[in-house]
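Report on the structure
As a plain string of letters, each chain reads:
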Amino acid sequence: MKKNLIIGAAMLDIVMQMERLPRTGEDVYAKSQDMTVGGCAYNVADIQKHFQVPYTLFAPVGTGIYADIIRKKLGQTGHESPIHSKVRDNGYCLCMVEADGERTFLTLPGIECRFEKEWFAEVDPKEYDSVYICGYEIEGEGGETIIEFLEENEHLIVYYAPGPRICHIKKERHERIFKLHPVLHLNEGEALQFTGEEHYEDAAEQLFEKCGNSVIITLGEKGCYLYQSGVGELIPSKKAQVVDTIGAGDTHIGAFIALKSKGKDSREAVALANQVSAMVVGVQGPTLTAEEFKRGDW
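So, here's what we can say about the structure. (Residues numbered from 1 in each chain as written. Predicted model: local features only at pLDDT ≥ 70, side-chain atom pairs only at ≥ 80, totals over all residues. Heavy atoms only, no water.)

**A word on a negative patch on the surface**
On the surface, Glu198, Glu201, Asp202, Glu205 and Glu209 cluster together into a negatively charged patch. Mapping Glu205 onto the fold places it in helix α7 (residues 200–211). Judged by relative accessible area, which is 36%, Glu205 ranks as partly exposed. (Patch = residues over 30% accessible without salt bridge, like charges linked within 9 Å, V, L, I, M, F, W, Y side chains within 5 Å. Areas by Shrake-Rupley, 256 points an atom, 1.4 Å probe, with all protein chains shown as cover. Salt bridge = Lys/Arg side-chain N within 4 Å of Asp/Glu carboxyl O. Lys, Arg positive; Asp, Glu negative; His and termini not counted. Charge placed at Lys NZ, Arg CZ, Asp CG, Glu CD. Helix = DSSP H or I, 4+ residues; strand = E, 2+ residues; numbered from the N terminus. Buried < 20%, exposed > 50% of the residue type's maximum accessible area, 1.4 Å probe, protein only.)

**As for the sheet that holds strand β9 (residues 183–187)**
One open sheet accounts for eight strands, arranged β4-β1-β7-β8-β9-β10-β11-β12; its pairing is mixed. Sheet topology places β4 (55–58) and β12 (231–235) at the edges, where each strand pairs with a single neighbour. Ignoring which end each strand starts from, the neighbouring axes of this sheet average 15 degrees apart. Bridging between strand β8 (residues 157–161) and β9 involves two bridges; their strand directions are parallel. From the neighbouring strand, Tyr159 faces β9, where its bridge partner is Val183. Across the sheet, α7 is in contact with β9, β10 (215–218), β11 (224–228) and β12; its angle to β11 comes to roughly 40 degrees. (Pairing = 2+ DSSP bridges. Axes fitted to C-alpha atoms, helices over the stretch in contact; angles between N-to-C directions. Contact = heavy atoms within 4.5 Å.)

**Section: the side chain of Asn274**
Relative to the helices and strands, Asn274 resides in helix α9 (residues 266–280). When its relative accessible area of 4% is taken as the criterion, Asn274 is described as buried. If sequence neighbours within four positions are ignored, Asn274 has contacts with Gly223, Cys224, Ile235, Pro236, Ser237 and His252.

**As for the packing of aromatic side chains**
Tallied over the entire structure, the rule returns eleven aromatic pairs. Here a set of aromatic residues connected by ring pairs shows up, and it is made of Phe58, Phe115, Trp119, Phe120 and Phe149. Residue placement shows Arg103 over the ring face of Phe105; its charged tip is 4.1 Å from the ring centre. (Phe/Tyr/Trp six-rings, centres within 6.5 Å; stacked < 30°, edge-to-face > 60°. Lys NZ or Arg CZ within 6 Å of the ring centre and 35° of its normal.)

**A closer look at the pattern of salt bridges**
Per the counting criterion, the structure on display carries 17 salt bridges. Lys3 serves as the salt-bridge partner of Glu127, at 2.9 Å between the closest nitrogen and oxygen. Residue Glu127 is found in the loop between β6 (103–108) and β7 (128–134), and its partner Lys3 is found in strand β1 (residues 3–7); the two are separated by 124 residues along the sequence. Glu127 sits in the partly exposed class, given a relative accessible area of 35%. For Lys3, a relative accessible area of 23% puts it in the partly exposed group. A network of salt bridges, in which partner residues are shared, links Glu144, Glu151, Glu172, Arg173 and Arg176.

**What to know about the layout of surface pockets**
The volume enclosed by the second largest pocket comes to roughly 300 Å³. What lines the second largest pocket is a set of 18 residues, among which Asp46, Lys73, Thr287, Leu288 and Thr289 lie closest to the centre. Among the secondary structure elements, those contributing two or more residues to the lining of the second largest pocket are β3 (32–38), α1 (40–50), α2 (65–77) and α10 (290–294). (1 Å grid on protein atoms, 1.4 Å probe; cavity = no way out; pocket = protein on both sides within 12 Å on 5 of 7 lines; lining within 4 Å. Points joined across faces, edges and corners; volume = space filled by probe spheres on them.)

**Thoughts on the sheet that holds β3**
Remark on secondary structure: sheet strands pair via backbone hydrogen bonds, oriented parallel or antiparallel. Spatially, four strands are ordered β3-β2-β5-β6 in an open sheet, and the strand pairing comes out mixed. On the outer flanks of this sheet lie β3 and β6, each paired with one strand and no other. Adjacent strand axes in the sheet meet at a mean angle of 20 degrees when their direction is disregarded. Sheet topology places strand β2 (residues 11–17) next to β3; seven bridges connect them, and they run antiparallel. By the bridge assignment for β3, Val15 is matched with Asp34.

All we've got here are geometric facts, nothing functional implied.
Structure follows, in structure tokens:
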């Protein structure tokens, strides 16, 4: 089995639980605070590790107080990255979680948005058959560098999760990515906002026409909509007890990639990814422990 290349960020997540978000000028108390390592690529890589699928976490670790915490956490969790930079610190994300489990992010970008061409010298593309990319890094200063690497290695299956920054990414960058026929993974709000459609079914069809590959739209408790080869299907998910929704999308696409690597078809991979994602919203933070993951029937 060849490896999956997971390109993106490992960041510090500062998670604050509160009844509701403050209004402008208001002062509210948080009920609790926790610090953990997150970032889309880290969360996706963590699921690869749980499924025992070979991967490389290609996320820069910089120099500074946040980078030091991330470096230590990577060692504790059995992850490592080949990229170490002395240019600047890693970024962090303030994750504000309301009583219903919904999260709002305030992100300060760091080295993870400044991918450099020489970093890719650490990668032998022939060792990989698929690659994950995220919209945060594509939008950033290093986005061109990542796209150039993909264009130079067209044998790679691209899994693209544009995320909430989808409408802030330059049109030219999206056009270049779509020419690589990526599998698209996004939530309902992102799909509707980007396409201008009113219904996720129509959004999926439009996105399929752009990328020419499978489109996966997550729908929260309703499940997930899979559109492939001109046919769409709603794949339901079991109701979950929501603690917070941090990392739910990353977990879903990470599980989907891992399961495809293990030979599952797309429909079965989505159905199982729904289960993993439902499990992660039932715990605090963006990832599962080994013990929590083992409770699933994979």
